[in-house]
Amino acid sequence: MTQRKGEKPTISIQEHMAIDVCPGPIQPIKQISDYFPRYPRGLPPAAHLGPPLRAQSSSASTASSTADGSHEDAHALDRPALGPVAAGASGCSAGSRRDEEPDVEGYDSDDSTTLGTLEFSLLYDQENNALHCTINKAKGLKPMDHNGLSDPYVKLHLLPGASKANKLRTKTLHNTLNPVWSETLTYYGITDEDMVRKTLRISVCDEDKFRHNEFIGETRIPLKKLKPNQLKNFNNCLEKQLPVNKSEDKSLEERGRIMISLKYNTQKSCLVVGIIRCAHLAAMDANGFSDPYVKTYLKPDENKKSKHKTAVKKKTLNPEFNEEFCYDIKYADLTKKTLEVTVWDYDIGKSNDFIGGVSLGINANGERLKHWFDCLKNKDKKIERWHTLTNELPGALND
């Protein structure tokens, strides 16, 4: 390339980057990581995966210099000598590289980052059919926001049959990775059957105002691990979200709980059905509540006179009714009957919404069958039991 008189010499980018170039072969360019060793988080510096990279290059260069000794000596005078600072940095980096861990390709920081721990306690009150869940605190939660913090809250579900009806949640604490809630959430209507087959899922989430809330971690406790009336404390590590069993029959989605009392009055020869209360009903209105009432039928009902209805309770998911209905029937005929109980949401100007239902009788099973048999065996004694409402409409009733 010819250069005109008065022009400054131009240097190509290749020549500019090749700082260590001298007459002879081009040497590799030093990286800044050579002087500042890195270690993957969670692994000690002393844990080697292989010999230091610089040691290998040193041995390679030694062999090269032995083979081409005369060639290297010829150019030794042309190379600039290392100053004291550069020599010190080179010596320091060489010493550090002896303990350096090679950078692992595809390293994911989440693999060695915990999601946090959660402290809580559970108590099954067998006499009152209540499960008390006290959420104490969490430690070391994974940051979910740009400020390196989170806005965590805890929500509870009962599996199988998880739905909005059986979801409980704590308040949200803002800008913290070590929240302290000290909050007790209670499930009512928990039966011994539930304690055998149900699992409590406890999830920690991050609340976001302008987008969907983010999942942080969860832990699951089979309720059969709890002993009645004994408080049990837990300090569990949170785990990634576990898949929900999709083979679960969606027709049996839980819609809440209802407490029913049964009593056969021998003096009046009638069955007394008591609708006491409901808990954790599904919300059917846009305000997050329902206006529930209960209907009962004793089937088969040839004369269609067995229908009874409670009063409507406004804007609540935990109504208390405390109403009783009498069905005149012979004791011997009870074995042929089925009591159908349905809960509805009252709406003005349109059809009422079905919330959930349950059937008790000789064709039922589990707690529903046991409740019916206990009523038959214990005349003149009021037997109260909690039952789970499902979205299955008993007998295809229409409101």
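The structure displayed is predicted, hence computed values, not measured ones.

Novice: Is there a simple way to explain the packing of aromatic side chains in this structure?
Specialist: Under the definition given, this model contains 3 aromatic pairs. Both rings, one in Phe120 and one in Phe234, keep their centres 5.0 Å apart while their planes meet at 10°; by these two values the pair is stacked. Residue Phe120 is found in strand β1 (residues 117-125), and its partner Phe234 is found in strand β8 (residues 232-237); the two are separated by 114 residues along the sequence. Cation over ring: Arg169 sits above Tyr153, and NZ or CZ is 3.8 Å from the ring centre. For Arg277, the ring lying beneath its charged end belongs to Tyr188, and the centroid distance is 5.2 Å.

Novice: Mind showing me how you'd approach the nonpolar core here?
Specialist: Most often, soluble globular proteins keep nonpolar side chains buried together rather than apart. In this structure, Leu118, Leu156, Tyr187 and Leu200 are the most contacted members of the largest nonpolar core, which totals 31 residues. Elements with a contribution of two residues or more to this core: β1, β2 (130-139), β3 (152-159), β5 (180-188), β6 (199-206) and β7 (214-222). Apart from the residues lying within four places of it in its own chain, the contact partners of Leu118 are Ile135, Lys137, Ala138, Val154, Trp181, Ile202, Val204, Phe234, Asn235, Asn236 and Leu238. Ala165, Phe325, Ile329 and Leu376 belong to the second largest nonpolar core, which has 29 residues in total.

Novice: Can you walk me through a nonpolar patch on the surface in this structure?
Specialist: Side chains of Val312, Tyr346 and Ile348 sit close together on the surface and give an oily, nonpolar patch of about 280 Å² of accessible area. Within the secondary structure, Ile348 sits in the loop between β14 (338-345) and β15 (353-361). Relative accessible area serves as the criterion here: at 71%, Ile348 is assigned to the exposed category.

Novice: How do you make sense of empty space enclosed by the protein when you look at a structure like this?
Specialist: Space left empty within the atom packing is revealed by a probe, the size of a water molecule, rolled over the atoms. As enumerated under the stated definition, the model contains 1 cavity of 30 Å³ or more in all. Leu158, Ala165, Asn166, Tyr187, Tyr188, Ile190, Glu254, Gly256, Arg257 and His280 are the residues that line the largest cavity. Those elements giving two or more residues to the lining of the largest cavity turn out to be β5 and β9 (254-265).

Novice: Would you mind showing me how to read the side chain of Thr134 here?
Specialist: Along the chain, the position of Thr134 falls in strand β2. A polar contact of 3.0 Å, which involves the side chain of Thr134, links it to the side chain of Thr184. For Thr134, the residues in contact, after removing those within four places along its chain, are Phe120, Ser121, Glu183 and Thr184.

Novice: How should I be thinking about the environment of Pro319 in this particular structure?
Specialist: One can find Pro319 in the loop between β12 (308-309) and β13 (320-328). Using a relative accessible area of 2% as the deciding quantity, one classes Pro319 as buried. C-alpha of Pro319 to C-alpha of Ser290: the two residues are 29 residues apart in sequence and 9.7 Å apart in space. Pro319 has contacts with Arg277, Cys278, Leu281, Pro292 and Lys313, leaving out every residue within four places of it along the chain.

Novice: Looking at this model, I keep getting lost on unusual backbone geometry. Mind explaining?
Specialist: Backbone geometry follows two general trends: most residues other than glycine have a negative phi, and most peptide bonds adopt the trans configuration. For the peptide bond that leads from Leu159 to Pro160, omega is -5°, which places it in the cis range. Mapped onto the elements of the fold, Pro160 is located in the loop between β3 and β4 (168-169). Going from Lys299 to Pro300, the amide bond is cis rather than trans, its omega being -5°. Secondary-structure assignment places Pro300 in the loop between β11 (292-299) and β12. One non-glycine residue, Asn129, adopts positive backbone phi at about 50°. Residue position: Asn129 is located in the loop between β1 and β2. Of note, His280 is a non-glycine position whose phi angle comes to about 55°, a positive value. Within the secondary structure, His280 is located in the loop between β10 (270-279) and β11. Under the relative-accessibility criterion, His280 is labelled buried at 10%.

Novice: In this structure, what is going on with the confidence of the model for the protein? I would like to understand it.
Specialist: Low-pLDDT portions of the prediction should not be read for the details of their coordinates. The pLDDT averaged across the protein works out to 78; a share of 68% of its residues lies at or above 70. Predicted confidence is poor over residues 47-112, with pLDDT under 50, and the contacts of this stretch with residues over four places away or in other chains come to 44 contacts.

Novice: What is the right way to look at a positive patch on the surface in this model?
Specialist: Side chains of Lys224, Lys225, Lys227 and Lys232 sit close together on the surface and give a patch of like positive charge. Relative to the elements of secondary structure, Lys232 occurs in strand β8. Residue Lys232 is classed as partly exposed on the basis of its relative accessible area, which comes to 34%.

Novice: Which parts of the structure should I look at to understand helix α6 (residues 366-377)?
Specialist: Compared with an ideal rise of 1.5 Å per residue, which puts 12 residues at 16 Å, α6 spans 17 Å between its outermost C-alpha atoms and is within 8% of the ideal. Of the residues making up α6, those classed as buried are Glu367, His371, Trp372, Asp374, Cys375 and Leu376.

Thresholds applied
In this convention, every chain numbers its residues from 1, walking through the sequence in written order. Confidence filtering applies because this is a predicted model: local features only for residues at pLDDT of at least 70, side-chain atom pairs given and counted only at 80 or more, and all residues used for totals across whole chains, interfaces and linings. Based on all heavy atoms of the structure, the side-chain values leave hydrogens and waters out of the count. When the centres of two rings from Phe, Tyr and Trp lie within 6.5 Å, Trp using its six-membered ring, the rings pair. Their planes under 30 degrees apart give stacked, over 60 give edge-to-face, and anything left gives tilted. Only DSSP runs of H or I with at least four residues qualify as helices, and only runs of E with at least two residues qualify as strands; both kinds are numbered from the N terminus onward. In our convention, an over-ring charge means Lys NZ or Arg CZ found within 6 Å of a ring centre and within 35 degrees of that ring's normal. Side-chain atoms within 4.5 Å are what join buried Ala, Val, Leu, Ile, Met, Phe, Trp, Tyr and Cys residues into a set we call a nonpolar core. Any residue under 20% of the maximum accessible area for its type is buried, any over 50% is exposed, and the rest in between are partly exposed; the area is computed with a 1.4 Å probe on protein chains only. The contact criterion used is simple: two residues touch if any of their non-hydrogen atoms lie within 4.5 Å. A patch consists of residues whose relative accessible area exceeds 30% and which take part in no salt bridge; residues with like charges are grouped when within 9 Å of each other, and nonpolar side chains (Val, Leu, Ile, Met, Phe, Trp, Tyr) when within 5 Å. The protein chains shown are the only cover counted for residues, whose accessible areas, like all others here, come from Shrake-Rupley with a 1.4 Å probe. The working definition used for a salt bridge is a side-chain nitrogen of Lys or Arg within 4 Å of a carboxyl oxygen of Asp or Glu. Residues are called lining when one of their atoms sits within 4 Å of a cavity or pocket point, these points coming from a 1 Å grid over the protein atoms alone, where a cavity is a set in which a 1.4 Å probe fits but cannot get out and a pocket is an open set with protein on both sides within 12 Å along at least five of seven lines. Grid points are joined across faces, edges and corners, and a volume is the space filled by probe spheres set on the points. The definition of a polar contact used here is a pair of N or O atoms within 3.5 Å, where within protein one atom must be able to donate a hydrogen and the other to accept one, and adjacent residues in sequence count solely through side-chain atom pairs. Predictor confidence is given residue by residue as pLDDT, running from a minimum of 0 to a maximum of 100. Counted as positive: Lys and Arg. Counted as negative: Asp and Glu. His and the chain ends are not counted at all. Every charge is mapped onto a representative atom, which is NZ of Lys, CZ of Arg, CG of Asp or CD of Glu. Helix span, as expected, comes to 1.5 Å for every residue beyond the first.

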